[in-house]
Amino acid sequence: MSDNTTFMQADGVESLIDVMAGKIWTLINDKGISDPLMVGIRTGGVWLAERLHQELGLRDPLGTLDISFYRDDFTRIGMNPEVHPSDLPIPVDDRHIILVDDVLHTGRTIRAALNEIFDYGRPASITLATLVDRSGRELPIQPDVTGLHPSLDPDQHITLIGPDPLGLILGAKTNRNSRGDEQGKDV
């Protein structure tokens, strides 16, 4: 991936996180939500959720999801060799959840995360917060809170790097075969 270029440095990403925290705070207050459970999707969504969780001063511990086994395309892209356990530290039944991910593109990652959350229970609501909302949606999923709407060409992708400091890089899309080898196009 040597063709990657810096899209946004850490200070710009941190500014977006500050704006997102303000939007989340306003949204949960407007909805009368007093004690939401924040859940980050591995890996970049967890990095982002850690910062948002701290900035919002949420009481309950941060939850994490690894949606590897819930993906609808793992037979085409191969399994991620670093599968981590999901951790939802408290029951999700009747809880208001803030689901956090780094980049929303096709919507398939969010669909997989929703499937996993519902395997744990039935939340009262789920609010979706993403750092980047880009074009190319394949499923009818939209974020409630987002930091950035970049205009990207179909052959580009944007990736959150980190965890410390966080940054955004722009590169050409790649496709991975069943062995995980890059092939040059997005799936």
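All values derive from a computational prediction rather than experimental measurement.

Parameters at a glance
Residues numbered from 1 in each chain as written. Predicted model: local features only at pLDDT ≥ 70, side-chain atom pairs only at ≥ 80, totals over all residues. Heavy atoms only, no water. Pairing = 2+ DSSP bridges. Helix = DSSP H or I, 4+ residues; strand = E, 2+ residues; numbered from the N terminus. Axes fitted to C-alpha atoms, helices over the stretch in contact; angles between N-to-C directions. Contact = heavy atoms within 4.5 Å. pLDDT = per-residue confidence, 0-100. Buried < 20%, exposed > 50% of the residue type's maximum accessible area, 1.4 Å probe, protein only. Salt bridge = Lys/Arg side-chain N within 4 Å of Asp/Glu carboxyl O.

Draft legend 1. How the structure looks around the sheet that holds strand β1 (residues 5-8). The sheet built from three strands is open, its strands ordered β1-β8-β7 with antiparallel pairing. The two strands at the open ends of the sheet, each matched to only one other strand, are β1 and β7 (156-161). Sheet twist, expressed as the average angle between the axes of neighbouring strands with direction ignored, equals 40°. Bridging between β7 and strand β8 (residues 167-172) involves six bridges; their strand directions are antiparallel. Bridge pairing in β8 places Q156 opposite A172. Docked against the sheet, helix α1 (residues 10-30) engages β1, β7 and β8, running at close to 35° with respect to β1.

Draft legend 2. Layout of the side chain of T130. Here T130 shows up in strand β5 (residues 125-133). Among residues more than four places away in sequence, those in contact with T130 are M20, L48, D101, D102, L104, P143, V145, T146 and G147.

Draft legend 3. Geometry of the confidence of the model for the protein chain. Chain-level statistics for the protein chain give a pLDDT mean of 87 and a share of 86% at 70 or above. Contacts from residues 176-187, a stretch scored under 50 in pLDDT, to residues over four places away or in other chains number 33 contacts.

Draft legend 4. Structural detail: the sheet that holds β5. Within the open sheet, the five strands sit side by side as β3-β2-β4-β5-β6. Their pairing is parallel. Of all the strands in the sheet, just β3 (63-65) and β6 (145-148) have a single pairing partner and so form its edges. The sheet shows a mean angle of 20° between the axes of neighbouring strands, taken without regard to direction. Summarising the sheet, strand β4 (residues 96-104) and β5 pair through eight bridges and their orientation is parallel. What sits directly across from I97, in β5, is I126. Helix α4 (residues 108-120) rests against β2 (37-41), β3, β4 and β5 of the sheet, and its axis sits at about 155° to β4.

Draft legend 5. Quick look at the environment of P91. Relative to the elements of secondary structure, P91 occurs in the loop between α3 (74-77) and β4. Note on P91: relative accessible area 63%, which makes it exposed. Taking C-alpha positions, P91 is 9.2 Å from R122, a pair spaced 31 residues apart along the chain.

Draft legend 6. Just the pattern of salt bridges, in detail. Tallied over the entire structure, the rule returns seven salt bridges. Residues R51 and E14 are paired through a salt bridge, measuring 2.9 Å at the closest nitrogen-oxygen approach. In this pair, R51 sits in helix α2 (residues 44-56) while E14 sits in helix α1, placing the two residues 37 residues apart along the sequence.

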